[in-house]
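# Per-entry structural report
Below, each chain spelled out in residue letters.
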Amino acid sequence: MKSNGNVFIGVDINEIDTPALLLDLDILEANIAKMADFFKGVKAELRPHVKTHKTPIISHKQIEAGAIGMTCAKLSEAEVMVYSGIRDILIANQIVGRQKIARLVNLAKHADMMVAVDNPQNVDDLSAAAMTKGVILRILIEVDTGLNRCGVETGEAVLNLAQQISQADGLSFAGLMGYEGHCVMIQNRAERERETLKSVQILVDMKHLLEENGFPVEIMSGGGTGTYDITGSHTEMTEIQAGSYATMDTQYRSIEGIGDTFDCALSILTTVISCPQPDRIVTDAGMKVMTQEFEPPQPKNIIGLELVSLSEEHGKFKADASVNLKVGDKFGILPTHGCTTINLHDKFYCVRNGKLECVWEISARGKSQ
Ligand SMILES: Cc1ncc(COP(=O)(O)O)c(C=O)c1O
């Protein structure tokens, strides 16, 4: 057995020290393969979002399975991906400010960088920096298709930006982006489909407006795990940004049509550190190792054990009489939100068939700048 830090590759799961973020490799690989299979049958291609797993080797596996490049939320995530050898990146976000724009154009010396814009001053700033550095940045106009976050309003604002980008040195107008984040978690499949198609139509209308005015739209980008097959089947969409599907979480698994396709590869391994009352179990995994923006995370495969609360370093559970756990025992907890939980960890402890196979650095964890 080979030592990797303080763990031994090949040991049983129960010998991994806790709390630890486990990644089930069979499930991860199956999720990646299922998503890749879907994209073999549609016109759109997959450009998975890095923000969930933040780990280069997983990005490389997604690309090996057919993804055309990666989507990042942050420049610092993009830097990690480019330095790991990925050459085609969309930053699905606005890069604003002198320092960040300087980093972006320097990164563009090493990879094909595409970035979202929704502001004329930002277009001028990107253009000036790209010219100085001697690079071409590909630009997507972000349109607000109903999420009401970033993105220009439909109509004249889109046309004006397209005109400005097309005339700007150092920039190449590539197309449109509209992320339908207000639809991805709609529980009911029919309603999700209805709302998503409304949102996509807004982007498609803008594509037609631009084309009628002489601006070819090569890229139409959007979509998340909850809408990958709806947005991804639309013949006008060219790229889908789904991210959570690879590792998944229980919140996403609870929405109709997603939970029976993608399984949860993540769990937090925790140790029982105290059983002070017959019905109370306390473990070493608190809010510093898992988040609870949605429903509280719950134990994996243990009936009668329910999370009551998390404090910083403790998880407090209510146990039925049937639960047979004692101090020192270990069990898994399924995260409700993978993206924010993974970001709390330095490493994935990657397991297969009950054994530790490898340990992966989550190299872009905490990369928010
Ligand atoms: C811009 C953007 N694209 C895509 C996604 C899709 O991610 P997921 O697959 O987790 O739904 C997100 C999620 O926050 C996002 O912000």
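Residues numbered from 1 in each chain as written. Predicted model: local features only at pLDDT ≥ 70, side-chain atom pairs only at ≥ 80, totals over all residues.

### Here we look at the overall build of the protein chain
What the protein chain contains, in helices and strands, is ten helices and 19 strands. Counting all 369 residues of the protein chain, 47% fall into the buried class. (Helix = DSSP H or I, 4+ residues; strand = E, 2+ residues; numbered from the N terminus. Buried ≥ 20, exposed ≤ 12 C-beta atoms within 10 Å, placed from the backbone.)

### Focus on the site of the ligand
In the vicinity of the ligand lie 13 residues, with Gly224, Thr225, Gln241, Gly243 and Ser244 positioned nearest. The residue inventory of the shell around the ligand, partitioned by class, reads four nonpolar, nine polar and no charged. (Near = placed C-beta within 6 Å. Nonpolar A, V, L, I, M, F, W, Y, C, P; charged D, E, K, R; others polar.)

### Notes on the sheet that holds strand 10 (residues 219–222)
Sheets are built from strands that pair by backbone hydrogen bonding, the pairs being arranged parallel or antiparallel. Spatially, eight strands are ordered 4-11-10-9-8-7-6-5 in an open sheet, and the strand pairing comes out parallel. Each of the sheet's edge strands pairs with one partner strand only, and the pair in question is strand 4 (45–46) and strand 5 (70–72). Two elements, strand 9 (residues 171–177) and strand 10, share three bridges in a ladder whose sense is parallel. Following the sheet pairing, Gly175 is matched in strand 10 by Ile219. (Pairing = 2+ DSSP bridges.)

### Remarks on unusual backbone geometry
Here the residue pair Thr18 and Pro19 is connected by a cis peptide bond, since its omega of -5° sits within 30 degrees of zero. Along the chain, Pro19 turns up in the loop between strand 2 (7–8) and strand 3 (20–24). A positive phi angle, close to 55°, is found at Lys54, a residue other than glycine. Here Lys54 shows up in the loop between strand 4 and helix 2 (56–64). Residue classification places Lys54 among the buried residues on the basis of 27 C-beta atoms within 10 Å. One non-glycine residue with positive phi stands out, namely Asn301, at about 60°. In this fold, Asn301 is placed in the loop between strand 14 (298–299) and strand 15 (305–310).

### Regarding the environment of Thr291
As for its position among the elements, Thr291 is in the loop between strand 13 (280–283) and strand 14. C-beta crowding within 10 Å serves as the criterion here: with 20 such atoms nearby, Thr291 is assigned to the buried category. Sequence-wise, Thr291 and Asn343 are 52 residues apart; in three dimensions their C-alpha atoms are separated by 9.7 Å. Contact partners of Thr291, with chain neighbours within four places excluded, come to His337, Thr340 and Thr341. (Contact = placed C-beta atoms within 7 Å.)

### Here's the deal with the nonpolar core
Within the largest apolar cluster, 96 residues are counted, with the highest numbers of intra-cluster contacts made by Ile89, Ile91 and Val115. Residue contributions to this core reach at least three from each of two domains, namely domain 1 (3–22 + 261–361) and domain 2 (25–249). Once you skip the residues sitting within four places of it in the chain, Ile91 turns out to touch Cys72, Leu75, Ala78, Val115 and Ala116. If you look at the next biggest cluster of nonpolar residues, it comprises five residues, including Val272, Leu307, Phe317 and Ala319. (Core = buried A, V, L, I, M, F, W, Y, C linked by C-beta atoms within 7 Å. Domains from an automatic or database assignment.)

### Overview of helix 5 (residues 120–133)
With 14 residues, helix 5 extends 20 Å between its outermost C-alpha atoms, agreeing within 8% with the 20 Å of an ideal straight helix rising 1.5 Å per residue. The inward-facing, buried residues of helix 5 contact helix 4 (98–107), strand 7 (112–117), strand 8 (137–142), helix 6 (156–167) and strand 9. (Expected span 1.5 Å × (residues − 1).)

### Side note on the packing of helix 3 (residues 75–83) against helix 4
Where helix 3 contacts helix 4, the two axes come as close as 11 Å, and the packing angle between them is 20°. The angle between helix 3 and helix 4 falls in the class roughly parallel. Considering how the two elements wind past one another, helix 3 and helix 4 form a crossing that is left-handed. Two secondary-structure elements touch here, helix 3 through Leu75, Ala78, Glu79 and Val82 and helix 4 through Lys100, Arg103, Leu104 and Leu107. Looking at the contact of helix 3 with helix 4, its residues break down into five nonpolar, no polar and three charged. (Axes fitted to C-alpha atoms, helices over the stretch in contact; angles between N-to-C directions. Parallel < 35°, antiparallel > 145°, perpendicular 65-115°, else oblique. Left-handed = near helix turned anticlockwise from the far one by under 90°.)

### Focus on the domain arrangement of the protein chain
Accessible area lost during the coming together of the parts is what is often quoted as the interface size. Looking at the assigned domains, one finds that the protein chain contains domain 1 (3–22 + 261–361) and domain 2 (25–249). Here the C-alpha centroids of domain 1 and domain 2 sit 33 Å apart. Residue-level contacts link 19 residues of domain 1 with 18 residues of domain 2. At the level of secondary structure, the elements contributing two or more residues to the side of domain 1 that touches domain 2 comprise helix 10 (338–342), strand 18 (347–352) and strand 19 (355–361). Among the elements that line the side of domain 1 that touches domain 2, the one with the most residues is strand 18, at four residues. Taken together, the residues that form the side of domain 1 that touches domain 2 break down as eleven nonpolar, five polar and three charged.

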